Amino acid sequence: MKTLNSLEYLKLSKTQAFWYNFKLFFSKIPGWFKNLFVKLWLTIKNFFVGIKDGAVDIVNTFKNGNWAVKLSFISFGAGNMYYGQVMRGILFLLFEIIFIVYTFVLPTGGLYWMKKVHWFAKGATVGNVQGMMVYNPVYDTYGWQTGDDSVRVLLYGLLSVFFVIAFFVVWRMQIKQCRINMELEKQGRHIKGAKDDLRSLIDDQFHKTLLTPSLVGILVFTVLPIIYMIIIAFTNYDSAHDGYANLFSWVGLDNFNAFTDFSEDGLGTVLGEMVGWTLMWAFFATFTNYFLGMFVAIIINKKGIRFKKLWRTILVMTIAIPQFVSLLYVGKLFNEQGVIGSFLEKAGLIPEVMLQQNQNGLWENPVASKILLVVINLWVGVPYMMLSATGILMNIPADLYESSRVDGANSVQQFTKITLPYMLFVTGPSLLTSFVGNLNSFNIIYLLSGGGPTNMKFGSVQGTTVGHTDLLITFLFKVTTGTDSKYYLASVLGIFVFVLVALLSLIVYNVMPSTKNEEDYA
Amino acid sequence: MKMTKILSLVLALLMLSVCFVGCGEKPQEETKAKRGPNEVLLWVSTTAGVKESFEAQVAEFIAANPEYSQYTVKIEAIGEGDAAGQVLLDVATAPDMYCFAQDQITRLVQAKALAPLGVQASAKVSEENDAGSVAAATVGNQLYAYPLTSDNGYYLYYDSSVITDEQAKTVEGIIAACRNAGKKFGYNATNGWYTAAYFFSQPVGGGAPLCTSTWTTDDDAKFVGVNDTFNSANGLIALKGMSQLTLQTDVWVDTADDFGGTAAIITGIWHANTATEEYGDNVKATKLPTFTVEGVEYQMGSFSGYKLMGCLPQPEGYEAKGAFCQALAQYLTSEDAQLERYYEFQWGPSNKVAQQDEDVKGNVLLAALLEQNNYAQPQGTIEGGWWDIVKLLGTASATPNADFDQALADYEASINAKIAK
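Right, let's walk through the structure included here.

Calculation criteria
Here the residue numbers are simple positions, counted from 1 along each chain's written sequence. Lettering for chains starts from A, numbering for ligands starts from 1, and both go in the order in which the items are written. Per-residue local features are limited, in this predicted model, to residues with pLDDT of at least 70; the limit for side-chain atom pairs, both in listing and counting, is 80 or more; totals at the level of whole chains, interfaces and linings are taken over all residues. Side-chain metrics in this entry use all non-hydrogen atoms of the structure; hydrogen atoms and water are not considered. Each helix corresponds to a stretch of at least 4 residues labelled H or I by DSSP, and each strand to a stretch of at least 2 residues labelled E; elements are numbered beginning at the N terminus. We compute the radius of gyration from the C-alpha atoms alone; for a globule the expected value is 2.2 Å times N to the 0.38, where N is the number of residues. Accessibility here uses a 1.4 Å probe with only protein chains present; expressed as a share of the type maximum, an area under 20% marks a residue as buried, one over 50% as exposed, and anything in between as partly exposed. Each accessible area value is a Shrake-Rupley result obtained with a 1.4 Å probe; residue values ignore everything except the protein chains displayed when judging cover. In this tally, Lys and Arg are treated as positive and Asp and Glu as negative; His is ignored, and so are the chain termini. Charge coordinates come from a single atom per side chain, which is NZ of Lys, CZ of Arg, CG of Asp or CD of Glu. Residues grouped as a nonpolar core are buried Ala, Val, Leu, Ile, Met, Phe, Trp, Tyr and Cys residues, joined through side-chain atoms within 4.5 Å. In this description, contact between two residues means that some pair of their heavy atoms is separated by no more than 4.5 Å. Buried area, as used here, totals the accessible surface that two parts lose on assembly, with accessibility defined by a 1.4 Å probe and the loss added over both. Whenever a carboxyl oxygen of Asp or Glu lies within 4 Å of a side-chain nitrogen of Lys or Arg, that contact is scored as a salt bridge. Polar contacts here mean pairs of N or O atoms no more than 3.5 Å apart (in protein, one a potential hydrogen donor and the other a potential acceptor; neighbouring residues in sequence count only if both atoms are side-chain atoms). At least two DSSP bridges between two strands are required for those strands to pair. Between N-to-C directions, angles span 0 to 180 degrees; the directions come from axes that are lines fitted to C-alpha atoms, helices contributing only their stretch in contact. Should an angle fall under 35 degrees it is taken as roughly parallel, and over 145 as roughly antiparallel, whereas 65 to 115 is taken as roughly perpendicular and any remaining angle as oblique. Take the far helix as your reference; a near helix turned counterclockwise from it by less than a right angle gives a left-handed crossing, and one turned clockwise gives a right-handed crossing. When residues are sorted by character, Ala, Val, Leu, Ile, Met, Phe, Trp, Tyr, Cys and Pro go into the nonpolar class, Asp, Glu, Lys and Arg into the charged class, and all the rest, Gly among them, into the polar class. The definition used for a disulfide is geometric: two cysteine sulfur atoms within 2.5 Å. Working definition: rings of Phe, Tyr and Trp (its six-membered ring) pair if their centres are within 6.5 Å, and the pair is stacked with planes under 30 degrees apart, edge-to-face with planes over 60 apart, and tilted otherwise. Counting as a charge over the ring demands two things of the Lys NZ or Arg CZ atom: a distance within 6 Å of the ring centre and an angle within 35 degrees of the ring normal. Exposure above 30% relative accessible area and the lack of any salt bridge qualify a residue for a patch; like charges then connect within 9 Å, and the nonpolar side chains Val, Leu, Ile, Met, Phe, Trp and Tyr within 5 Å.

Helices and strands together make up the secondary structure of chain A, namely 22 helices and 4 strands. Against the globule reference of 24 Å for 522 residues, chain A gives a C-alpha radius of gyration of 31 Å, more extended than a compact globule. Dimensions of chain A, computed from C-alpha atoms along their principal axes, come out at roughly 90 × 80 × 50 Å. Burial statistics for chain A: of 522 residues in total, 39% are counted as buried. Accessible surface computed for chain A: about 29300 Å², of which carbon and sulfur atoms make up 69%. Put simply, chain A has 40 plus and 32 minus side-chain charges, and the middle of one group is 11 Å from the middle of the other.

Quick look at the nonpolar core now. Membership of the largest hydrophobic core comes to 56 residues, with the highest contact counts inside it found for Ile163, Phe185, Tyr187 and Trp386 of chain B. Among the elements of the structure, strand S6 (146–159), helix H7 (171–181), helix H8 (192–199), helix H9 (233–246), strand S12 (262–268), strand S14 (290–293), helix H16 (386–397) and helix H17 (404–420) of chain B are those that each provide at least two residues to this core. Residues in contact with Tyr187 of chain B, not counting those within four places in the same chain, are Tyr194, Thr195, Ala197, Tyr198, Met242, Leu245, Trp252, Val253, Asp254, Thr255, Ile266 and Met300 of chain B. One finds Tyr244 of chain A together with Tyr68, Ile105 and Ala111 of chain B within the second-largest nonpolar core, a separate group that totals 54 residues.

Residue-level contacts link 35 residues of chain A with 43 residues of chain B. Around 3200 Å² of area is buried between chain A and chain B when both sides are counted, 63% of it from carbon and sulfur atoms. Joining chain A to chain B, the criterion identifies 1 salt bridge. Note that Asp90 of chain B is salt-bridged to Arg152 of chain A, the shortest N-O span being 3.2 Å. Along the contact surface separating chain A from chain B lie 5 residue pairs in polar contact (both at pLDDT 80 or more).

This part covers the pairing of strand S2 (residues 72–77) of chain B. Sheet topology note: the strand S1 (residues 39–44) of chain B/S2 of chain B ladder contains 6 bridges and is parallel. Following the sheet pairing, Val40 of chain B is matched in S2 of chain B by Val73 of chain B.

Even without a glycine there, the phi angle at His118 of chain A is positive, about 55 degrees. Secondary-structure assignment places His118 of chain A in the loop between helix H6 (110–117) and strand S1 (132–136). If you check the backbone angles, Asn401 of chain B has positive phi at about 60 degrees while not being a glycine.

Another point: the sheet that holds strand S8 (residues 202–203) of chain B. Residues and elements named next belong to chain B. An order of S8-S15-S14 is seen for the 3 strands of this open sheet, with the pairing classed as antiparallel. Strand pairing shows two members of the sheet lacking a second neighbour, S8 and S14, which therefore form its edges. Pairing of S14 with strand S15 (residues 296–299) involves 4 bridges; the strand directions are antiparallel. Pairing of Phe291 across the sheet is with Tyr298, part of S15.

This paragraph deals with the environment of Glu60 of chain B. Checked against the element boundaries, Glu60 of chain B lands in helix H2 (residues 50–64). C-alpha separation for the pair Glu60 of chain B and Tyr331 of chain B, spaced 271 residues apart in sequence, amounts to 9.9 Å.

Let us now look at the pairing of strand S3 (residues 97–101) of chain B. All names here are of chain B. With 5 of 5 residues buried, S3 lies mostly within the body of the structure. As defined by bridge partners, S1 adjoins S3 across 2 bridges and the pair is classed as parallel. Within S3, the position partnered with Leu42 by the bridge is Met97. Strand direction decides the pairing type here: S3 and strand S16 (residues 302–311), joined by 5 bridges, are antiparallel. Residue pairing in the sheet places Ala101 in a bridge with Lys307 of S16.

Quick look at the side chain of Arg312 of chain A now. Residue and element names in this part refer to chain A. Within the element layout of this structure, Arg312 appears in helix H12 (residues 308–320). Among buried charged residues, Arg312 stands out as having no salt bridge; its nearest opposite-charge side chain is Glu402, 18 Å away. Within the local environment of Arg312, its side chain forms a polar contact with the side chain of Asn301, the two groups lying 2.9 Å apart. In contact with Arg312, not counting residues within four places along its chain, are Ile300, Asn301, Met386, Thr390 and Met394.

What follows deals with the packing of helix H11 (residues 267–301) of chain A against H12 of chain A. Residue and element names in this part refer to chain A. Two elements in contact, H11 and H12, have axes separated by 9 Å at closest approach and are oriented at 155 degrees. The pairing of H11 with H12 is recorded here as roughly antiparallel in orientation. At the point where H11 passes H12, the crossing takes the right-handed sense. Contacts between H11 and H12 involve Val296, Ile300 and Asn301 from the first element and Lys308, Trp311, Arg312 and Leu315 from the second. Considering only residue class, the contact of H11 with H12 consists of 4 nonpolar, 1 polar and 2 charged.

Turning our eyes to something else, we now look at the state of the cysteines. Residues and elements named next belong to chain B. For the structure on display, the rule yields 0 disulfides over all chains. No disulfide involves Cys99; its sulfur sits 9.9 Å from the nearest other cysteine sulfur, which is in Cys311. In this structure Cys325 is a free cysteine whose sulfur lies 5.4 Å from that of Cys311, the closest cysteine sulfur available.

All names here are of chain A. As a packed pair, helix H9 (residues 206–232) and helix H21 (residues 487–511) sit with axes 7 Å apart at the nearest point and diverge in direction by 115 degrees. When the axes of H9 and H21 are compared, the pair comes out roughly perpendicular. Pair H9 / H21 crosses with left-handed handedness. Contact with H9, carried on its side by Met229, Ile230 and Ile232, involves Tyr487, Tyr488, Ser491 and Ile495 of H21 and no other residues of that element.

If you walk through the whole model with that rule in mind, you get 64 aromatic pairs over all chains. Seen from their ring centres, Trp144 of chain A and Tyr244 of chain A are 5.3 Å apart, and the 25 degrees between their planes marks the pair as stacked. Separated by 100 residues along the polypeptide, Trp144 of chain A in strand S2 (residues 141–145) and Tyr244 of chain A in the loop between H9 and helix H10 (254–257) bring together distant segments of the chain. Both residues of the pair, Trp144 of chain A and Tyr244 of chain A, count as buried. Each ring, one from Trp193 of chain B and one from Tyr194 of chain B, has its centre 5.4 Å from the other, and the planes form 80 degrees; the classification is edge-to-face. By relative accessible area, which is 4% here, Tyr194 of chain B ends up buried. Grouping aromatic residues by their ring pairs yields a cluster made of Phe76, Phe95, Phe99, Tyr102, Phe104, Phe163, Phe167 and Phe168 of chain A. We note Lys70 of chain A situated over the ring of Phe62 of chain A; from NZ or CZ to the ring centre the distance is 5.6 Å. Cation over ring: Lys307 of chain B sits above Trp347 of chain B, and NZ or CZ is 5.6 Å from the ring centre.

Time to look at a negative patch on the surface. All names here are of chain B. A grouping of Asp257, Asp258, Glu277 and Glu278 is seen on the molecular surface, where their side chains present a negatively charged patch. Inspection of the secondary structure puts Asp257 in the loop between strand S11 (252–253) and S12. Under the relative-accessibility criterion, Asp257 is labelled partly exposed at 49%.

All names here are of chain A. Taken as a whole and judged by the stated rule, the model has 19 salt bridges over all chains. A salt bridge links Asp197 to Arg88, with the shortest nitrogen-to-oxygen separation between them at 2.7 Å. Here Arg88 lies in helix H5 (residues 86–105) and Asp197 lies in helix H8 (residues 194–201), a separation of 109 residues in the sequence. Residue Asp197 is classed as buried on the basis of its relative accessible area, which comes to 9%.

What follows is the structure in structure tokens.
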């Protein structure tokens, strides 16, 4: 569509301007996706170009290298040792020996585990030997004949795969070093020895020394578990197949296919409804907090308001009490027996329609409990927003307000033209994070309504009940801790939540003024 | 400059070492959990004094059987309600013996955390314990545990200053008495465990219960069938009977825990102290009342529940230890041991001989429970989703002008779906 310059834009009437902006917004959406795909494509392309360059480099190194360099293609570190880097050479060789011994020589080593896993072969079990109960006629008792434990088999198998990847990375690394050494020798420059290496590790390479421990930690405690959990989505790991009593097996994409079941109480239908409420909840929870927090901050900041510190302290008190304590307590207030709940009931303020459906408490009515959740969330979230808004509001240059007053702006105009844009600009990214956080706001939902009231339309799905106020994340929790403990379903749900959050974040991030017009308020 | 460098290096290394110290503990724990062939770990109730009582009984057993003198038994207090959850965290390192509430048995059998009883032990246990407790310890056709108590059920508590003994015999009498005194009658109709009371009713003067609901499991504890007759003419009678109470909104209150404002409540032995506090010296307990539908009088039924003791299947090389565990469990659930526990903790025995003990028979609360147990259906293994489904019936009964036929049809469809899935 045609983009207007500012003079043309100012000529438009209010409605025209609105429509112009509206159309402009939507006409840009294909552009974002195009950008996204272009970026993705570039990343993928660069990745393969990198691999190609690497391969060329390896071949060239082999062609041009002397016997030691050629040898280091099979025996790690030979090239390093030839060029005098004895310590590096020994370390590389040691790594290779450990790898070969662990993977191929040990009877229960890497190869053993990796074979047992039967990677992704649909129908195959993880592990070979099924443990079983055996009768012992001598003692007249039953005992357990130990078999494989799928959970462990998969873990060790995965670790072994990591080791294999590490092997290739190290292989490439020492070949690259050979190439560098060759070049250095050709140029007649000094090749680093063991002493130089050690010194540089606490000097110019100090960042590597520092980062290694944390990198190892992240690999072992974050990356490995995440990959493990993702793999679980392709198995049938649940309480009936817990890996010990019954091996679990690979099911291919069956778990993902279940999400496309849109029959009356199919998983797809259930999740569709749940995603709807999750988005609705995140929207209301984020924006009600945002605007109310801002208004409270503005009101308290206003000149002529007395006891400012007192008001702030009162609001901040809710932060001082641990959230789960206050949430449980406030949730009870609205119970049938709670102070507020019973007052409403006695005062006859509970809607007629609820009484007809025999829903005595507010928490038993789907609509009422949804409203309650948003309202109670306000009470928890407004103080945080008020605190950050207070700081930002004080930062808005006062001359903006003064000049606008001279131009005859009233306070509403000042708010919509100065305060709000400024706030949105500064808090855009944090608004996005709080939106994403609210998508996964387990605490508030689980402690207040527990996902209830039960959605009778679905009843029991996948071994647990579906509630009207269940977010994806609380449903995930229920599925895991329910009677069937469907870990595989939890894993699929987790992936689903991730995709949802990633997509939303990408879209919203592209719209935010903070990322586009960085100079606006600089 | 140098100082910062060293400091950050030290911190980075410290972080890494913390990570690996965290890992390093696990193997240690494992060796601790993997007990030797002569070490036995037993989990019992957390009630004060129970652990000591079991310790004394174990010592007696070992003293009486010198062939077992090499075994050391360590006892830890873990609640029976939570046992399955704890055991299933890692069956391989779970305790050798543990006590649990009977509703956990299917999960435990499914996870192969219970060793089936041998031929002789099975025969002895089924002969010595009441039928309900034996059924509760059975999955498929195999006994998996030793009955420990037979006291988990519900009956009627009432305030005899408000309700006369005669009135307490019928629901109608209780409603009338409560209405006169402006009091409430507590019955937790929307809790499946109590909802079943009306469906398990039987005609006064003998006759089969109105309905049954039993689930069948295969030997792997998978639910393969359900025999449930709630959706029938009899079920309709039960639902009508229930609504005669639950539509009296001035008297009926949907609770089994909150005594406030009540003069009668249907709940279990765990509220014995609360009942005494609330009703004072006027507290009385008896079997559940009767109700009348279309001129026929029915006695309300109930669920009866049990606590069990089970043994972990021992791996190769630990066969002798497995045999010791079974023998010890048999001893700890024998008549004498159960009676001892009755005297110390008022745990109702499942052993038939112990039930005939004069003192046991003289206990008012146990007497009420045992009397009610004549009309009770032992809570076998039940599919976990049933508890939510059956609530629908309680809710329907309390809804004016509800379509009971529809509610029962919905109920049946929901439980059949449990098997189909």
